[in-house]
Amino acid sequence: MQSTLSQPQTAALPTKTENISGSQAVLEAMIAEGIKTIFGYPGGAIMPIYDALYDYRDKLDHILVRHEQGGIHAAQGYARTSGDVGVVFATSGPGATNLVTGLADAMIDSTPIVAITGQVFAHLLGTDAFQETDVINITTPVTKWNYQVTDATEIPSVLAKAFYIARSGRPGPVLIDITKNAQIQKFDYEGYLPCTHIRSYRPKPLVRKEYVEQAAQLINEAKKPFVIFGQGVILGKAEKEFLKFIEKAGIPTAWTILGMSAIPTDHPLAVGMLGMHGNYGPNVLTNECDVLIAIGMRFDDRVTGRLDKYAKQAKVIHLDIDPSEIDKNVKTTVPVWGDCKETLPLLTSLIEQKVYPQWLQRFREFEDEEKATCIIPEMNPDTAILSMGEVINVLNTLTNGKAIIVTDVGQHQMVACRYAHYNQSKSNVTSGGLGTMGFALPAAIGAKYGDQGRTVVAVIGDGGFQMTIQELGTIMQCGVDIKILILNNQFLGMVRQWQQLFNDKRYSFVDIQSPDFVMVAKGYGIAGQKVSERENLKQALQTMLDHNGTYLLEVMVGKENNVFPMVPQGCSVSEIRLK
């Protein structure tokens, strides 16, 4: 993945020292790093920080979530739309452990997070004190860095390192655990200096120009080149550089689920989405291209299918900021290490201006076949029952590709990612690598705070919505304006689809019952309605979008509709099924 996330403003040192508490030092660090919004939930071990926060209410906006998992997902949504670090506060014990799913999600999706957890007094560590957990060892596998502070004098430098590590290089989550005595302790505060270097940490590898030259030669000699890209283009703020590259190269281009929205979905060179439920052409033709150029993506198994049958005919160029991703899954012919904001212009300057009309037409032919078999039936069902695809299609018409769409995990996620239109970067927010049900509602809250000038639509299934439904209380209290679109198929749809296709339709515990979502929302002071008829769909969606404040729209869709195309697990991308 690539990254050049926004940097904090340089903080000037005070002319004299101040005697402040560790808790105050935490909040001063937030201000110095440019943080304005914090998501969190108070508790005993973090109470001193919350007490100090009372005096910072004019400088820091704290959003009281209803569960710590909701807090970290909100911080993720904030990071994904703002391009900066998301911050979450939680107490010790269960408060800290409730962050673990979000930390794992942020780690695998390279989302910059700083999580601050309270901890018991230092002298109680290791005694199984009330609400004591070894959060450092618990979170080591799911954080880019973590550290336990037991002395307040460490707080400024440790938090400076935390923000630097979270946002630099390949971004990721950092957790800082602060014992209660360190929060209370007074010390002579000499100001806050943002971190710009750590001796043992190299966020960006040195760019080797000989590899850039080798990559350019392969591209210039290619007859059927193919570009695939991921979220690294977005994290690196390299959208313009990427567009210049593909437009000069004239190469057909496809995205991963997290790379989506880096370029407009209707760009002439765009050929669609890769992966298990991606588009037909990009999957099949991966195994026909002669040069495969991968940019800011990690060859996830959902993209590659069977590795022993993936792009074996192609020479592979892999641009990535993380050297550990090179050759991890797919053997690379030419590795181009470095930040793609730096490497792409170097590569663009060396490639020839070209077009590949016959090769691009091959993608269009597969697109036509997919339209006839999958897309047209999805958009125009021959029954009175609504389909997920037609709902997203109407939403596209009404938003004109300008909305931020936050999806949960399941069939609705794949449908939204297949059919949503985007014309602006940082518009697709989803849980990609971990596939966390319950992600969308809190992430949409954070996404709105990250970019308050844009419409945020949370597209959620009836199963995932019930995993974090309590965050409706957060919306009620903070008054954030998001649009909640529940696509209710009365099943855990993705699992049901697999059970239908691969387990002889043995539907084992996927028939989920749900409450009256509109009535539940009403209890939280949120307006809403439920529709199931096609003639009411467009007006209902328009009402949702026009409403002043959060609105919940539940749309009843087909119970046993499947998402196609599909690469069955264990199969090659060439074996993708259209039905």
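What counts and what doesn't
- Residues numbered from 1 in each chain as written.
- Predicted model: local features only at pLDDT ≥ 70, side-chain atom pairs only at ≥ 80, totals over all residues.
- Heavy atoms only, no water.
- Helix = DSSP H or I, 4+ residues; strand = E, 2+ residues; numbered from the N terminus.
- Buried < 20%, exposed > 50% of the residue type's maximum accessible area, 1.4 Å probe, protein only.
- Contact = heavy atoms within 4.5 Å.
- Areas by Shrake-Rupley, 256 points an atom, 1.4 Å probe, with all protein chains shown as cover.
- Lys, Arg positive; Asp, Glu negative; His and termini not counted.
- Charge placed at Lys NZ, Arg CZ, Asp CG, Glu CD.
- Pairing = 2+ DSSP bridges.
- Axes fitted to C-alpha atoms, helices over the stretch in contact; angles between N-to-C directions.
- Parallel < 35°, antiparallel > 145°, perpendicular 65-115°, else oblique.
- Left-handed = near helix turned anticlockwise from the far one by under 90°.
- Nonpolar A, V, L, I, M, F, W, Y, C, P; charged D, E, K, R; others polar.
- Salt bridge = Lys/Arg side-chain N within 4 Å of Asp/Glu carboxyl O.
- Polar contact = N/O pair within 3.5 Å; in protein donor to acceptor, adjacent residues only side chain to side chain.
- Arc of directions from axis to C-beta.
- Right-handed = clockwise from strand over helix to strand, strands pointing away.
- Core = buried A, V, L, I, M, F, W, Y, C linked by side-chain atoms within 4.5 Å.

J.: Help me out: how do you make sense of the overall build of the protein in this one?
T.: Looking only at helices and strands, the protein features 23 helices and 20 strands. Projecting the C-alpha coordinates of the protein onto the three principal axes gives extents of approximately 70 × 60 × 40 Å. Going through the 579 residues of the protein one by one, you find that 60% of them count as buried. Partitioning the intrachain contacts of the protein with sequence separation of at least 6 by distance along the chain shows that 78% fall at a separation of at least 24. Here the protein displays about 22,600 Å² of accessible surface, and carbon together with sulfur accounts for 50% of that area. Computed over 52 positive and 60 negative side-chain charges, the inter-centroid distance for the protein is 4 Å.

J.: Can you walk me through the sheet that holds strand E2 (residues 37-40) in this structure?
T.: Paired through backbone hydrogen bonds, the strands of a sheet run either parallel or antiparallel to each other. With parallel pairing, six strands are arranged side by side in an open sheet as E3-E2-E4-E5-E7-E6. Edge positions in the sheet fall to strand E3 (61-64) and strand E6 (145-149), since each of these pairs with one other strand and no more. Geometrically, the sheet is characterised by an average inter-axis angle of 20° between neighbouring strands, direction not taken into account. Note: strand E5 (residues 113-119) against strand E7 (residues 173-179), seven bridges, orientation parallel. Each bridged residue has a counterpart across the sheet, and for alanine 115 the counterpart in E7 is leucine 175. Together, E5 and E7 form the strand contacts of helix H5 (residues 100-108), whose direction differs from that of E7 by roughly 145°.

J.: Can you walk me through the packing of helix H15 (residues 357-379) against helix H17 (residues 411-419) in this structure?
T.: With their axes 13 Å apart at the nearest point, H15 and H17 run at an angle of 115° to one another. Between H15 and H17, the angle falls in the class roughly perpendicular. Relative to H17, H15 is oriented so that their crossing is left-handed. Counting all contacts with H15, which are made through Glu370, Cys374, Ile375, Glu378 and Met379, the residues of H17 involved are Val415, Arg418 and Tyr419. By residue class, the composition of the contact of H15 with H17 is five nonpolar, no polar and three charged.

J.: Explain the pattern of salt bridges to me, please; I cannot follow it from the model alone.
T.: It is possible for side chains bearing opposite charge to pair when their charged atoms get close. Considering all chains together, one arrives at 18 salt bridges under this definition. For aspartate 322, the salt bridge goes to arginine 170, with nearest N and O atoms at 2.8 Å. Here arginine 170 lies in the loop between helix H7 (155-167) and E7 and aspartate 322 lies in the loop between strand E13 (315-320) and strand E14 (334-337), a separation of 152 residues in the sequence. Judged on exposure class, the residue aspartate 322 and its partner arginine 170 are both buried. Connected via shared salt-bridge partners are Arg170, Asp322, Glu325 and Lys328.

J.: For this particular structure, what's the right way to read the side chain of lysine 483?
T.: With respect to the helices and strands, lysine 483 occurs in strand E18 (residues 483-488). On the basis of relative accessibility, which here comes to 3%, the residue lysine 483 falls in the buried class. In this structure the side chain of lysine 483 is engaged in a polar contact, spanning 2.8 Å, whose partner is the backbone oxygen of glycine 549. Beyond its immediate chain neighbours, meaning those up to four positions away, lysine 483 contacts Thr455, Val456, Val457, Ala458, Met544, Leu545, His547, Gly549 and Tyr551.

J.: When you look at helix H11 (residues 239-249) in this model, what are you seeing that I'm missing?
T.: The α-helix advances 3.6 residues per turn, and as a result positions three or four apart in sequence lie on the same side. Of the residues making up H11, those classed as buried are Glu239, Glu241, Phe242, Phe245, Ile246 and Ala249. For H11, the angular spread of the buried residues around the axis is 160°, confining them to a single face. Seen from the open side of H11, the exposed residues pointing more than 90 degrees away from its buried face are Lys240 and Lys244. For H11, the secondary structure elements touched by its buried residues are helix H9 (209-221), strand E9 (225-229), helix H10 (232-235), strand E10 (253-255), strand E12 (291-295) and helix H14 (340-350).

J.: I would appreciate a short explanation of the packing of helix H3 (residues 68-82) against helix H18 (residues 440-450) in the present structure.
T.: When two helices pack together, their arrangement is captured by the angle between the axes and the distance separating the axes. Contact pair H3 / H18: the axes reach a minimum separation of 6 Å and the direction vectors enclose 40°. Comparing their axes, H18 and H3 come out oblique. Judged by the twist between their axes, the crossing of H3 over H18 is right-handed. Here Gly70, His73, Ala74, Gly77, Tyr78, Thr81 and Ser82 of H3 come into contact with H18, specifically with Pro442, Ala443, Gly446, Ala447, Tyr449 and Gly450. A breakdown of the residues in the contact of H3 with H18 according to their chemical character gives six nonpolar, seven polar and no charged.

J.: What should I look at first to understand the pairing of E3 in this one?
T.: Successive side chains on a regular strand alternate, one facing one side of the sheet and the next facing the other. Across four bridges, E2 lies against E3 in parallel orientation. Bridging across to E3, glycine 40 finds its partner in leucine 64. The parallel pair E2 and E3 is bridged by helix H2 (residues 47-53), and the resulting crossover is right-handed.

J.: What am I meant to see in the nonpolar core here?
T.: Among soluble globular proteins, nonpolar side chains are generally buried collectively. Ile295 and Leu485 are the most contacted members of the largest nonpolar core, which has 101 residues in total. Looking at which element gives the most residues to this core, the answer is H15, with seven residues. If we ignore the near neighbours within four places in the chain, the residues touching leucine 485 are Val391, Leu395, Val457, Ala458, Val459, Ile460, Leu541, Met544, Leu553 and Val555. Within the second largest apolar cluster, 47 residues are counted, among which are Ala75, Ile404, Ile460 and Leu472.

J.: It is not clear to me how unusual backbone geometry should be interpreted in this structure. Could you clarify?
T.: Look at the link from phenylalanine 564 to proline 565: it is a cis peptide, with omega at 5°. Mapped onto the secondary structure, proline 565 falls in the segment after strand E20 (551-556). Although it is not a glycine, serine 110 adopts a positive phi angle of roughly 55°. Topologically, serine 110 is positioned in the loop between H5 and E5. Positive phi, normally seen in glycine, also occurs at glutamine 131, with a value near 55°. Within the element layout of this structure, glutamine 131 appears in the loop between E5 and helix H6 (135-139). Glutamine 131 sits in the partly exposed class, given a relative accessible area of 26%.

J.: So what exactly am I meant to see when it comes to the side chain of threonine 111 here?
T.: Considering the arrangement of structural elements, one finds threonine 111 in the loop between H5 and E5. For threonine 111, a relative accessible area of 1% gives the class buried. Look past the residues within four positions of threonine 111 in its chain and what remains in contact with it is Gln76, Ala79, Arg80, Ala106, Pro171, Gly172 and Pro173.

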